[in-house]
Amino acid sequence: MDAFQSIVLILIVAGAIVFIFSFLAMTLSFNKTGSGKYSFLSFFPYELNQFKRNSKRSWIYETLIIFASLLLGFSLIFYLLHVHFEIKDIYQLYILMIVMFIALLSFNLLFFIKLSAYKLHLVFAIIFAFSTLLSVVLELLLLGRNDVLGLNMSTPIINIIISVIAIVFMIVLICNPAYKSWAKLVKVDAQTYNRPKFNYLAILEWGAFIVHLVSYIPLIVSLF
């Protein structure tokens, strides 16, 4: 394992760990607000954002999210630098990196766009979902071949399996017929709303984020 391989691997693993740790910490903080228990199946990413509640510790969570995003972003840059002179279809790799950057950026923006600005929120949710889907499709086309980076026979097979599973999962999320009730909220009193147990749009956003993290696995696999 050379220096670039180690750097890419460390950045991806560290970025994923920081993201997961941040979400767990933010969930615990949310549960202490008296707004109920946070559910990833019914609550949106922006509802984890403590910054809008003027919490003294809110800047810590936001810093962690930005730091995790930077780690993953730099992993893409170092990956590109590492394979730049080895890959044949370099333009496809550039497109893949750009699409993954767009997905990462749009997910971060979803942390700040409330549903009160539902059109803007929906636009970035769509951008995030489809850029995530496009990234795994590009990985299937690019890293699912052993003639691209001189990969051994097992590497493309692993990448194909991961990419196909991710693509099917994203298609199921995007084509879920429950979209008709994604914004359903039942008013209980002046300030309290009850939402469906399974909120389609929230599931789409969190599900797409899981796929985005999974999309870094073929990059790691292709390094070795």
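Refer to the structure printed above.
Bear in mind the structure is a predicted one, so any value in this text is a computation, not a measurement.

Draft legend 1. Examining the overall build of the chain more closely. The helix and strand inventory of the chain stands at 7 helices and 2 strands. Moving toward the C terminus, one meets the helices and strands of the chain in the order α-α-α-α-α-β-β-α-α. Across the 224 residues in the chain, those meeting the buried criterion constitute 47%. In the chain, once contacts between residues fewer than 6 apart in sequence are set aside, the share between residues at least 24 apart is 73%. Approximately 11,600 Å² of the chain is accessible, and the part contributed by carbon and sulfur atoms is 74%.

Draft legend 2. Structural view of the packing of helix α3 (residues 90-110) against helix α4 (residues 118-143). The contact between α3 and α4 brings their axes to 8 Å, and the two run at 150°. Relative to α4, α3 is oriented roughly antiparallel. Considering only the axes of α3 and α4, their crossing is left-handed. Taken together, the residues of α4 that come into contact with α3 (itself represented by Q92, L93, I95, L96, V99, M100, I102, A103, S106, F107, L109 and L110) are H121, F124, A125, I127, F128, S131, T132, L134, S135, L138, E139 and L142.

Draft legend 3. The arrangement of the nonpolar core in detail. Formed by 60 residues in total, the largest nonpolar core has its most connected members in F19, F23, Y79, M97 and L219. Elements with a minimum of two residues in this core: α1 (3-31), α2 (58-83), α3, α4, α5 (154-174), α6 (200-214) and α7 (216-222). Setting aside chain neighbours within four positions, we find L219 in contact with L76, Y79, L96, M97, M100, E139 and L143.

The rules we used
Residues numbered from 1 in each chain as written. Predicted model: local features only at pLDDT ≥ 70, side-chain atom pairs only at ≥ 80, totals over all residues. Heavy atoms only, no water. Helix = DSSP H or I, 4+ residues; strand = E, 2+ residues; numbered from the N terminus. Buried < 20%, exposed > 50% of the residue type's maximum accessible area, 1.4 Å probe, protein only. Contact = heavy atoms within 4.5 Å. Areas by Shrake-Rupley, 256 points an atom, 1.4 Å probe, with all protein chains shown as cover. Axes fitted to C-alpha atoms, helices over the stretch in contact; angles between N-to-C directions. Parallel < 35°, antiparallel > 145°, perpendicular 65-115°, else oblique. Left-handed = near helix turned anticlockwise from the far one by under 90°. Core = buried A, V, L, I, M, F, W, Y, C linked by side-chain atoms within 4.5 Å.

Function cannot be inferred from these measures alone, as they are strictly geometric.
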